[in-house]
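# Remarks on the overall topology
Each chain, written out:
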Amino acid sequence: MEIITWFRESVMGNTLMVVFLVAFIGYLVGSIKIRGVELGTAGVLLVALVFGHFGFEVPDLVRELGLICFVTSVGFIAGPKFFRNFKLNAKSYILLGLIIIVAGALTTAAIIEIAGVPSDISVGMMSGALTSTPGLAAAIDATGSANASVGYGIAYPFGVVGVVLFVQIVPKFLKTDMAAERARFEAAQNVDDDALKKKEKLFIVDEMGLCSFALAIVLGIILAKIVIPLPGGAEFSLGTSGGPLIAGLILGHFGHVGNISLHVEKSVLECLREFGLAMFLIGAGVEAGAGFIEILKEQGLILFVYGALITLIPMFIGYFVAVKMMKLSLFNTLGSICGGMTSTPALGTLIRVTGTDDVASAYAATYPVALVFVVLSCQFIGIFL
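Now for a quick tour of the structure. Just so you know, these numbers come straight off a predicted model, no measurement behind them.

Here the focus is the overall build of the chain. What the chain contains, in helices and strands, is 17 helices and six strands. Out of the 385 residues belonging to the chain, those deemed buried represent 54%. For the chain, long-range pairs separated by at least 24 residues make up 82% of all intrachain contacts whose partners lie at least 6 apart in sequence. Counting only carbon and sulfur atoms, one obtains 67% of the accessible surface of the chain, whose full area is about 17,200 Å².

Pasting the structure below:
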């Protein structure tokens, strides 16, 4: 304990030291493979939880900056093929997003009624199990209780890790030929590179495209601030996770304004995507780790099990509906589940597992639908149960 105390006192005030130390150790932990399955970037989350438990802190700006960089990069990468993919599968994406969230809401309602868990903690667990910060805000507003944050902190870690493991285990369980599946999936996208050829004729502000990236973030933050009233006095906004994603999709789709190029180099986007994901997990993990063990001791480990159920049941139902009823391809199915579970970290893992950025299209199509319904569900459960 003396070593921990000395270490904490030595580096606690140095934010950069804490952030990059968590990243360093987290990536080492994430690289450990057990039967071919690894945590990947989610290892950063687990290490961040440990640091948070021992009192380390990082500014909220780290989490916000990371989230914005990640979702904006995803939007730019998915943009050129997003709208065509959405047009082909729009009904499936909307229905799947609805089904996943409704399954999570019904599971939460059952835990409240059968297990007798207080509704404020339960609705917080739902937002954590679905890794939805807007859902947590809605839960706190509907219940008027800080205990919603307690439930969120309990369910959030497995909400992240569970989906990350799911998108890795399913292809292995099915013994999927990933190369063949990727070839079929990319052929179905069938989008040419005319936009990239036209890029040579456009005025380029900077070769890497950071100017365009910054523009997308500015526009995304503006979109994030727009608040839409919902029935029952609730409100909905795209928030930091949704606004930049939509802006990135739009700019990535059009690729230029007049003769001015909006193209961002793919290598830059991939770097910003990974960096953003790591920063987001560090910020969220350190915050959730504070008091995590104490909460479990007070409320009981069974709450962790309930939170895991709220994560697992919607995933399995969503997978069954997507594959058996909607006949979606494996890549579209897993991308949609990541979006339906509003799981940003799982998308990063899925891109690595599948070897194609195009799975982000399914995520981006399902995510806004799920975001709306998770806010509504948290409000409904918090008010009526």
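Once that is clear, we can look at the side chain of Arg273. Residue placement: Arg273 occurs in helix H12 (residues 266-289). A relative accessible area of 12% means that Arg273 is categorised as buried. The residues touching Arg273, leaving out its near neighbours within four places in the chain, are Phe70, Ser73, Val74, Ile77, Ile351 and Asp357.

The subject of this paragraph is the state of the cysteines. Following the criterion strictly, the structure yields zero disulfides and no others. Not engaged in a disulfide, the cysteine Cys271 finds its nearest cysteine sulfur in Cys69; these two sulfurs lie 9.7 Å apart. Using a relative accessible area of 52% as the deciding quantity, one classes Cys271 as exposed.

Right, let's talk about a nonpolar patch on the surface for a bit. Judged by side-chain polarity, Ile302, Phe304, Val305, Leu309, Ile313 and Ile317 come together as a nonpolar surface patch covering roughly 430 Å² of accessible area. Checked against the element boundaries, Val305 lands in helix H14 (residues 302-325).

The subject of this paragraph is the pattern of salt bridges. In this structure the tally under the stated criterion is five salt bridges. A salt bridge links Arg63 to Asp60; the nearest nitrogen and oxygen atoms lie 3.5 Å apart. Placement of both Arg63 and Asp60 in helix H4 (residues 60-115) is noted, with a separation of three residues, approximately one turn of the helix. Since its relative accessible area comes to 17%, Arg63 is described here as buried. Lys266 is the salt-bridge partner of Asp357, the closest N and O atoms lying 3.0 Å from each other. With Asp357 in the loop between helix H16 (344-354) and helix H17 (360-384) and Lys266 in helix H12, this pair connects stretches of sequence that are 91 residues apart. Owing to a relative accessible area of 9%, Asp357 belongs among the buried residues under this scheme. Judged by relative accessible area, which is 45%, Lys266 ranks as partly exposed. When salt bridges with common partners are traced through the structure, they connect Asp60, Arg63 and Glu64 into a single cluster.

Turning our eyes to something else, we now look at the packing of aromatic side chains. For the structure on display, the rule yields seven aromatic pairs. Residues Phe76 and Phe213 carry aromatic rings whose centres are separated by 6.1 Å and whose planes lie at 20° to one another, so their mutual orientation is stacked. One end of the pair, Phe76, is in helix H4; the other, Phe213, is in helix H10 (residues 210-224), and 137 residues separate them in sequence. When the ring of Phe158 is compared with that of Phe304, the centres are 6.1 Å apart and the planes differ by 75°; the resulting orientation is edge-to-face. Of this pair, Phe158 sits in helix H7 (residues 147-173) while Phe304 sits in helix H14, and the two are 146 residues apart along the sequence. Among the aromatic residues, those joined into a cluster by ring pairs are Phe166, Phe316 and Tyr319.

Conventions and cut-offs
- Residues numbered from 1 in each chain as written.
- Predicted model: local features only at pLDDT ≥ 70, side-chain atom pairs only at ≥ 80, totals over all residues.
- Heavy atoms only, no water.
- Helix = DSSP H or I, 4+ residues; strand = E, 2+ residues; numbered from the N terminus.
- Buried < 20%, exposed > 50% of the residue type's maximum accessible area, 1.4 Å probe, protein only.
- Contact = heavy atoms within 4.5 Å.
- Areas by Shrake-Rupley, 256 points an atom, 1.4 Å probe, with all protein chains shown as cover.
- Disulfide = S-S within 2.5 Å.
- Patch = residues over 30% accessible without salt bridge, like charges linked within 9 Å, V, L, I, M, F, W, Y side chains within 5 Å.
- Salt bridge = Lys/Arg side-chain N within 4 Å of Asp/Glu carboxyl O.
- Phe/Tyr/Trp six-rings, centres within 6.5 Å; stacked < 30°, edge-to-face > 60°.

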